[in-house]
Amino acid sequence: MRISLNWLKEFVDISLSPEELAKTLTIAGFEVEEIEDRRRLADGVVVGKVVSREPHPDADKLSVCQVDIGAAELSTIVCGAKNVRADIFVPVATLGTYLPAIDLKLKPTKLRGVNSSGMICSLSELGLEKDSEGIHIFTQADLKPGMDVRPLLGLDDVVLDLTATANRADALSMVGVAREVAALTGVEVKLPEIPPLKAAGNTLQIAVADHLACPAYIGTVIEGVKTGPSPDWLKFRLQAAGTRPINNVVDITNYVLLEWGQPLHAFDRERLVAVAGATEFTLGVRLAKAGETLTTLDGQARELGEKNLVITANDVPVALAGVMGGESTEVHSGTENIVLEAALFEPVTVRRSSRAVGLRSESSTRYERGVNQVELDRAAQRAIALLQELAGGTVVHRGMADTRPDPNARPKITLRLQRLHEVLGHVQKDGEIFDVPLADVERILADLGCELESTGEGVWAVKVPPYRYRDLEREIDLIEEVARLYGYDNFCDTLPSQSAAGFLSPAEKVNRKLRESFRAIGLTEVVHYSLVKPELADITLSNPLFVEYSALRKELLTGLIDAFIYNQSQGNGALNAFEIGRVFWLENEDYAEADYLAGILGGNLNPDGSWANGGKGQPMSWYEAKGLLDAAFTQLGLEISYRADSSNNKLHPGRTASLWLQGRQIGIFGQLHPQLRQEKDLIDAAYVFELKLEMLQAVLSRPSQQVPVFKAFSTYPAVTRDLAFFAPLETSVGDLEQVMQKTAKKLLAGVELFDEYRGEHAPEGQRSLAFSLRYRATDKTLTDEEIDPVHQKVRDALVKQFAVTLRS
């Protein structure tokens, strides 16, 4: 929020310089991002009186003016503005003046042969407007040439651009900042005097459908309003705060918003009558219905939904509650009668409504953080008093719907001095170390507006002021306030008496080992958002920022496939990548989540050697992809078995395997389904895998897996035996190899499938398979007498379990 020091000084006496005040606020938790010295915009600009104006002898659009700037002689200034004439008072930039708004330093110059010493300025050249049609002409009385123009234009001010934390809704107002400055500097706050409201008939009908969404709504009918420009002082304050003046009625509502932090809105009563279709109407507050529309003050037609809270006139929407008014009932230059709205809206309701239509405003910003419920009436009376003073209005009718809780019923907070000392520790000042004194605690809380009642030695019952209800709710909140105002820099820096060396958790060690292994086989680690489109998930968010990110992902493969497609479309080739991330799903109507490791493989394994194949790359085969995956498993010391699987509809039903570790399924590996590849315009062969991270962590974190165990190589030669047979098509090679290994036990050093045949010479429904079995012992060279019985057991086991037909 932009804080005008001239405005702030009306509420609190400030003896600090702008820089010192900015530092004090920043240390107290209110970061001052910029100090804007508006005095620099017109430093050296004075009031000048145009004594005469003559056309330029050599330029039709230029004028030669004689201007009195309070010097001994008149200044000759060449001016190109159409509205320049004699006997007017204007701002004149004298020689040597620097104008920051246009980055210009005034020097004597010659325009079309005529000397010019100075420049008659427009408001845009002084940084007060973006574009100006001509020079500015002063209308104030009692002007004298040579006067400083800055007080006349509101440029005798310094503005602090202050950022308040989300819990300090009260700091989004001049009164709130004044209270904070008073507490920091030890002075009193002088709030504006507000005259009491004269009695008015309570004949304006108010109907609130949801009192939780709208705890209070006050409507006031004011007749006889003269709509016109605001006085200069009001314009200057709005401009300093970054708000564009419009007319006195709208400017007053904006002024009270900035002063008290209470949004207000003014309706044109005649336009309300036209929209309502009746002279007598009811102002209502309800949730919008599906299909309703509203054109807001920014000229945008907005579709409303059930998340939008609206103000209605006889059930016709006229404003988006807490966000922005409607164009059909806005105050205009001919407005004579208005209905002033002052209301409280629940923060979550306004936040959802604002997001639903993609619209944020100064009002919604304050409602979303929570406005002061107790001072609603005071802010409304302040606006009414200003309307009566500046627009001549008369209050004739009022209406109110009020369900606010009694502020006196709010429980007091117990604060213990001993607990405060335990949390904050010691203070160091003037070379002495001590605890925060009891008197300072009482002074600080009293300066913040709290009321303290002693209930024992060093114990208080604290009543929090209404404007701090939302952020002072517990004892620890009061302790934090004492520390903040006492000064964090005054507390001792104390290190813990004992410290422990940092370490990695077992799970993190495993994760790092997994990353290292998969990077070693050539995969790149990627990270995707866990938020996805709702059609890709089971769990959706109730308050998403965007529709594209409104649900929680239920698997990692979709993100990897999309990244693969994107890299391919950009001409970057195949993205061989992996990701470790969390997925979410519904399990028996309960939310479930787990971490997974997934990856994608494809493309040419040897792109640099494509010249050997006539410039054509060799697409990765299923076995090459499996070999890369096996290399990672081997490096991790995992013995993974593969079993045929066709459960995943994204994967090729004949080229997919489930992955098993120690008798438990840990994941899946396979080629992407041809139909999916065609839909996504993917390369010919792409492979994916997905692993349960929790199971990998459980196995790899065991001590036996953490420390490598050396196994001596056999120095004796291996003996090879071939085995060929006909096997049913549904029998997998993996199951056959598993039985061979289980039967031959330690003597079988390796099994390799070297031939497969399907055709007319094979029985129907079967295929011919040929394996090479290597037998080896660690302590001797095996003989035929030792190998043949074991080999025969393998043959017999295959015939018994799979009904194979031996060929040899």
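For the structure given in this document, a descriptive report is provided here. Numbering of residues begins from 1 in every chain and follows the order in which that chain's sequence is written. Under the rules for a predicted model, residues below a pLDDT of 70 receive no local features and side-chain atom pairs below 80 are neither given nor counted, while totals for whole chains, interfaces and linings still include all residues. The side-chain figures draw on all heavy atoms in the structure; neither hydrogens nor water molecules are used.

## Quick word on the overall build of the protein chain
The line we're drawing: Helix and strand assignments follow DSSP, with helices taken as H or I runs no shorter than four residues and strands as E runs no shorter than two, numbered in order from the N terminus. Three labels apply to residues, based on accessible area from a 1.4 Å probe with only protein chains included: buried if under 20% of the type maximum, exposed if over 50%, partly exposed otherwise in between. Pairs of residues are marked as contacts when any of their non-hydrogen atoms sit within 4.5 Å. Surface accessibility follows the Shrake-Rupley procedure with a 1.4 Å probe radius. Residue values consider only the protein chains on display as shielding.
In terms of regular secondary structure, the protein chain is built from 21 helices and 42 strands. Across the 808 residues that make up the protein chain, the buried fraction comes to 46%. Within the protein chain, contacts between residues separated by at least 24 positions form 66% of all contacts whose residues are at least 6 apart in sequence. Entry remark: accessible area of the protein chain is about 42200 Å², with carbon and sulfur atoms responsible for 48%.

## Describing the pattern of salt bridges
Put simply, the test is: Every case where a carboxyl oxygen of Asp or Glu lies within 4 Å of a side-chain nitrogen of Lys or Arg is listed as a salt bridge.
Inspection of the entire model under this criterion finds 46 salt bridges. With a shortest N-O distance of 3.0 Å, Arg-168 and Glu-180 are connected by a salt bridge. With a gap of 12 residues between them, Arg-168 in the loop between strand 12 (158–163) and helix 4 (174–185) and Glu-180 in helix 4 connect regions that are remote in the sequence. Arg-269 is the partner of Glu-270 in a salt bridge, and the nearest nitrogen-oxygen pair spans 3.5 Å. Arg-269 sits in the buried class, given a relative accessible area of 19%. When salt bridges that share partners are traced, they join Arg-168, Asp-170, Glu-180, Arg-468, Asp-471, Glu-481 and Arg-484 into one network.

## Observations concerning the sheet that holds strand 12
So the rule is basically this: Two strands qualify as a pair provided DSSP detects at least 2 bridges between them. Axis lines are fitted through C-alpha atoms, for helices just across the contact stretch, and the angle between N-to-C directions can take any value from 0 to 180 degrees.
Across the sheet, three strands lie side by side as 1-12-2; this open sheet has antiparallel pairing. Of all strands in the sheet, those with a lone pairing partner are strand 1 (2–4) and strand 2 (31–37), marking the two edges. Neighbouring strand axes in the sheet, compared pairwise and without regard to direction, differ in orientation by 25° on average. Note that strand 1 and strand 12 share three bridges and pair antiparallel. Its bridge partner being in strand 12, Ser-4 is matched across the sheet by Val-159. Along the sheet, helix 2 (residues 18–27) makes contact with strand 2 and strand 12, crossing strand 2 at roughly 165°.

## A look at unusual backbone geometry
Most of the time, phi is negative for any residue but glycine, and the peptide bond is trans. Even without a glycine there, the phi angle at Asp-87 is positive, about 65°. Tracing the sequence through the fold places Asp-87 in the loop between strand 5 (75–79) and strand 6 (89–93). Of note in this structure, Asn-314 is not a glycine but carries a positive phi near 50°. Asn-314 sits in the partly exposed class, given a relative accessible area of 30%.

## Some details on the packing of helix 8 (residues 347–357) against helix 9 (residues 362–369)
Selection criterion: The labels follow the angle: roughly parallel below 35 degrees, roughly antiparallel above 145, roughly perpendicular from 65 to 115, and oblique for the rest. When the near helix sits turned anticlockwise from the far one by under a right angle, the crossing is termed left-handed; a clockwise turn instead gives a right-handed crossing.
Remark: helix 8 packs on helix 9, axes separated minimally by 7 Å, with the N-to-C direction vectors making an angle of 140°. Accordingly, the angle class assigned to the pair helix 8 and helix 9 is oblique. Crossing hand, helix 8 versus helix 9: left-handed. Only Ser-364, Tyr-367 and Glu-368 of helix 9 make contact with helix 8, whose side of the interface consists of Pro-347, Val-350, Arg-351 and Ser-354.

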